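Overview (structure and organization)
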Amino acid sequence: MINRFKRFLVRTYYNIKYPQARKLSRKGIPFDHFRELNKRWLADSDIKTVIDVGANKGQFAKLAREVFPSAIIYSFEPLPDCFEELQQALHSDKNFFPFNKAIGSSRAELEFFRSVHSPSSSFLQMEELHKEAFPESQKGQVKEPVKVQVDTLDNVFGASEPKKNILLKID
């Protein structure tokens, strides 16, 4: 109860002090995440392409769109249900390209361990340390792994190289 109240106070403070916070909140973007990514040194890097590996439901893609409004965003998410939401995250954005696959060192079909808390899903089985570090993942993983397609970035991009400068985010 106290943590919820603290979050409420922080959100209220941000909304009053930073008018942009309310606009971001309506888009599902936490203002503190925006502040962490919206750094002058990164803005000065002239990012043209964002590659989001482990995109989940598009949280980072939406954030990246706010910070890099003209960048091309490629998002990769192997879980089918999360991918459906990812597609909707920036559905009308002509520079957003979602892919329903994982990225790896070679093409394959592999078992992926889906967590009840989807951002904690992984090719690795969840350890107790993960549950301690991320309490929202306490319910663990679904018993049966999901088969997912894995591809390489070289194969996805083929002969068409992404525009430089590139920001690569990997979960």
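Let us look at the environment of Arg22. On the secondary structure map, Arg22 appears in helix 2 (residues 19-26). In this structure the C-alpha to C-alpha distance between Arg22 and Leu37, which are 15 residues apart in sequence, comes to 17 Å.

Below, the discussion takes up the pattern of salt bridges. For the structure shown, the criterion picks out 10 salt bridges. For Arg65, the salt bridge identified is with Asp93, shortest N-O distance 2.5 Å. Placement of Arg65 in helix 5 (residues 59-67) and of Asp93 in the loop between helix 6 (80-89) and strand 3 (96-99) is noted, with a sequence separation of 28 residues between them. For the pair formed by Arg65 and Asp93, the shared burial category is buried. A salt bridge links Glu128 to Lys131; the shortest N-O distance between them is 3.4 Å. You can see Glu128 and its partner Lys131 sitting in helix 7 (residues 128-133), 3 residues apart, about one turn around the helix. A single salt-bridge network, built from bridges that share partners, covers Asp52, Lys169 and Asp171.

Read from one edge of the open sheet, 4 strands run 3-2-1-7, paired in parallel fashion. Edge positions in the sheet fall to strand 3 and strand 7 (166-170), since each of these pairs with one other strand and no more. For this sheet, the mean inter-axis angle between neighbouring strands, taken without regard to orientation, is 10°. Where strand 1 (residues 49-53) and strand 2 (residues 72-76) come together, 5 bridges link them in parallel fashion. Paired with Val50 across the strands is Ile73, a residue of strand 2. The sheet contacts of helix 6 involve strand 2 and strand 3, and relative to strand 3 the element is tilted by about 175°.

Together, Phe5, Phe8 and Leu9 make up an exposed nonpolar region whose accessible area comes to about 310 Å². With respect to the element layout, Leu9 can be found in helix 1 (residues 2-17).

So, on to the packing of aromatic side chains. The full count for this structure, using the stated rule, is 4 aromatic pairs. Taking 4.8 Å as the distance between ring centres and 90° as the angle between the ring planes, the aromatic pair formed by Tyr74 and Phe157 counts as edge-to-face. Of this pair, Tyr74 sits in strand 2 while Phe157 sits in helix 8 (residues 153-157), placing them 83 residues apart in sequence. Across the pair, Phe157 and Tyr74 agree in class, each one buried. With a centroid separation of 4.7 Å and 85° between ring planes, the pair formed by Phe112 and Phe123 is classed as edge-to-face. One end of the pair, Phe112, is in strand 5 (residues 108-112); the other, Phe123, is in the loop between strand 5 and helix 7, with 11 residues separating them in the sequence. Judged by its relative accessible area of 8%, Phe112 falls in the buried class. When its relative accessible area of 31% is taken as the criterion, Phe123 is described as partly exposed.

Rules and cut-offs
Residues numbered from 1 in each chain as written. Predicted model: local features only at pLDDT ≥ 70, side-chain atom pairs only at ≥ 80, totals over all residues. Heavy atoms only, no water. Helix = DSSP H or I, 4+ residues; strand = E, 2+ residues; numbered from the N terminus. Salt bridge = Lys/Arg side-chain N within 4 Å of Asp/Glu carboxyl O. Buried < 20%, exposed > 50% of the residue type's maximum accessible area, 1.4 Å probe, protein only. Pairing = 2+ DSSP bridges. Axes fitted to C-alpha atoms, helices over the stretch in contact; angles between N-to-C directions. Contact = heavy atoms within 4.5 Å. Patch = residues over 30% accessible without salt bridge, like charges linked within 9 Å, V, L, I, M, F, W, Y side chains within 5 Å. Areas by Shrake-Rupley, 256 points an atom, 1.4 Å probe, with all protein chains shown as cover. Phe/Tyr/Trp six-rings, centres within 6.5 Å; stacked < 30°, edge-to-face > 60°.

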